[in-house]
Amino acid sequence: MSAIGVQSQLFEIINESGVVMRQIIKTALIVVLGNFVYALAVAFFIEPSGLITGGGTGLALFFHHTFGFRTSYVVFIINTILFLIGWRLMGHRFAANTLLSTFCLPVEIHIAEMIAANYSPIDDIVLCTVFGGLMIGASLGIVIRTGASTGGMDIPPILLNKYFGLPISGVMWACDLCILGVQALFTDKTKVLYGIMLVIIYTLTLDKTLILGKSKRQIKIVSKKHDEIRRAILQDIDRGVTVMYGRTGYLAKDTEITLSIVSTRELARTERIVHDIDPEAFIIISRVSEVKGRGFTEQKKYL
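Treat the numbers as computed from the prediction; the structure is a model and nothing was measured.

> Which parts of the structure should I look at to understand a nonpolar patch on the surface?
Together, Phe76, Ile77, Ile81, Ile85, Leu89, Tyr163, Phe164 and Leu166 make up an exposed nonpolar region whose accessible area comes to about 770 Å². Secondary-structure elements contributing two or more residues to the nonpolar patch are helix 3 (71–90) and helix 6 (155–164). Along the polypeptide, Ile81 turns up in helix 3. By relative accessible area, which is 48% here, Ile81 ends up partly exposed.

Next comes the structure, spelled out in structure tokens:
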């Protein structure tokens, strides 16, 4: 191989390494930020109001309210034990995926507690429930969207799924219910109800955060002027088009159905263009939770 070829390969390797390193750094920063939002929710809303919640943080809050232990210390102990168990049973790759969240969360909770000590606590439990749930759900969604694990009580469901085939989501719900049940034995009934509301709020917020910015609109168009509509979407909207073949139900005539995926902002413009071409066009619009592929998760390619 020539010196130029070797040099070109070296440049490619260096460039790929740089891309990978930037991605690792970006993911790490997002995980740290997401966990810090979680820590702020615990320090400013959950702890001062005496709310209960699920997961490893829920166990830590139980020990905090019952025995006076620092929440950050208990979270650190729980996360460390579960991390070591996961590392032993699941291997090095699993450990690497959960390492950052496992150990940065208790540190960030400790920092958030020190910050919260300088402010008077919020005495409205409804506000604490709502904002605590919103922040926890958003923080979990931010971390999970990077592909990283939040560690802690996420680990037992993964282990039970691997060795016994139990569904992860079902085991997570069961764990949360058990943790809420333990806390309910030593907590005021009103706060138990607020705790259940907190879990519901952060679960819904988590689901919304995971699909935030990823949802698109699928548009199907039945029209005699399908060729003009197809060209207009390709040229004016700059979106791909798939042509499907169907048959009308009443007249039993063969027809072409134009299918395209557009963003929410592009939807109104697409409808206007279609109706300008054919005012009688039949349009079906549906929501798509996520789209992957060229033009969405990859760069567009023009032929």
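> Would you mind going over helix 3 with me for this structure?
Since one α-helical turn is 3.6 residues long, residues separated by three or four positions face the same way. Over its 20 residues, helix 3 extends 27 Å from the first C-alpha to the last, a length consistent with the 28 Å expected when each residue adds 1.5 Å. Within the span of helix 3, buried status applies to Thr71, Ser72, Val74, Val75, Ile78, Asn79, Thr80, Leu82, Phe83 and Gly86. Immediately downstream of helix 3, the backbone of Gly91 shows phi near 100°, a positive value.

> Can you help me understand the packing of helix 3 against helix 6 in this one?
In helix packing, the relevant descriptors are the interaxial angle and the interaxial distance, both defined with respect to the helix axes. Relative orientation of the contacting elements helix 3 and helix 6 amounts to 25°, with a least axis distance of 10 Å. Viewed along their axes, helix 3 and helix 6 adopt a mutual orientation that is roughly parallel. Our pair here, helix 3 against helix 6, has a crossing hand that is left-handed. In this structure, helix 3 contributes Leu82, Phe83, Ile85, Gly86, Leu89 and Met90 to the contact, and helix 6 contributes Ile155, Pro156, Ile158, Leu159, Lys162 and Tyr163. Looking at the contact of helix 3 with helix 6, its residues break down into 10 nonpolar, one polar and one charged.

> Teacher, can you tell me more about the sheet that holds strand 4 (residues 282–288) here?
As a general point, the strands of a sheet are linked pairwise by backbone hydrogen bonds and lie either parallel or antiparallel. Read across the open sheet, the four strands follow the order 2-3-1-4; overall the sheet is antiparallel. Looking at the sheet topology across the chains shown, the edges are occupied by strand 2 (242–247) and strand 4. Taking each pair of neighbouring strands and ignoring which way they run, the sheet shows an average axis angle of 25°. Alignment of strand 2 against strand 3 (residues 254–262), held across six bridges, turns out to be antiparallel. Within strand 3, the position partnered with Met244 by the bridge is Ile257. Those strands touched by helix 9 (residues 226–237) are strand 1 (216–222), strand 2 and strand 3, and its axis lies near 15° from that of strand 3. With respect to the sheet, helix 10 (residues 264–277) is in contact with strand 1, strand 3 and strand 4, its orientation differing from that of strand 1 by roughly 10°.

> Would you take a moment to explain the packing of aromatic side chains for this structure?
According to the stated counting rule, one finds nine aromatic pairs in the structure shown. With centroids separated by 5.8 Å and ring planes inclined at 25°, the aromatic side chains of Phe67 and Phe69 adopt a geometry described as stacked. Pairing Phe83 with Phe103 gives two aromatic rings, centres 5.4 Å apart and planes at 75°, and the pair type is edge-to-face. Separated by 20 residues along the polypeptide, Phe83 in helix 3 and Phe103 in helix 4 (residues 92–116) bring together distant segments of the chain. Residue classification places Phe103 among the partly exposed positions, given a relative accessible area of 25%.

> How should I be thinking about the packing of helix 2 (residues 55–67) against helix 3 in this particular structure?
For the pair helix 2 and helix 3, interaxial distance at closest approach is 8 Å and the crossing angle is 135°. In terms of axis orientation, helix 2 runs oblique to helix 3. Judged by the sense of rotation from one axis to the other, the crossing of helix 2 with helix 3 is right-handed. Every residue of helix 3 that contacts helix 2 at Gly56, Thr57, Leu59, Ala60, Leu61, Phe63 and His64 is listed here: Thr71, Val74, Val75 and Ile78. Taken together, the residues of the contact of helix 2 with helix 3 break down into seven nonpolar, four polar and no charged.

> I would appreciate a short explanation of the environment of Val243 in the present structure.
Residue position: Val243 is located in strand 2. Assessed through its relative accessible area of 29%, Val243 is described here as partly exposed. In this structure the C-alpha to C-alpha distance between Val243 and Ile257, which are 14 residues apart in sequence, comes to 5.7 Å.

Conventions and cut-offs
Residues numbered from 1 in each chain as written. Predicted model: local features only at pLDDT ≥ 70, side-chain atom pairs only at ≥ 80, totals over all residues. Heavy atoms only, no water. Patch = residues over 30% accessible without salt bridge, like charges linked within 9 Å, V, L, I, M, F, W, Y side chains within 5 Å. Areas by Shrake-Rupley, 256 points an atom, 1.4 Å probe, with all protein chains shown as cover. Salt bridge = Lys/Arg side-chain N within 4 Å of Asp/Glu carboxyl O. Helix = DSSP H or I, 4+ residues; strand = E, 2+ residues; numbered from the N terminus. Buried < 20%, exposed > 50% of the residue type's maximum accessible area, 1.4 Å probe, protein only. Expected span 1.5 Å × (residues − 1). Axes fitted to C-alpha atoms, helices over the stretch in contact; angles between N-to-C directions. Parallel < 35°, antiparallel > 145°, perpendicular 65-115°, else oblique. Left-handed = near helix turned anticlockwise from the far one by under 90°. Contact = heavy atoms within 4.5 Å. Nonpolar A, V, L, I, M, F, W, Y, C, P; charged D, E, K, R; others polar. Pairing = 2+ DSSP bridges. Phe/Tyr/Trp six-rings, centres within 6.5 Å; stacked < 30°, edge-to-face > 60°.

Nothing here speaks to function; it is geometry throughout.
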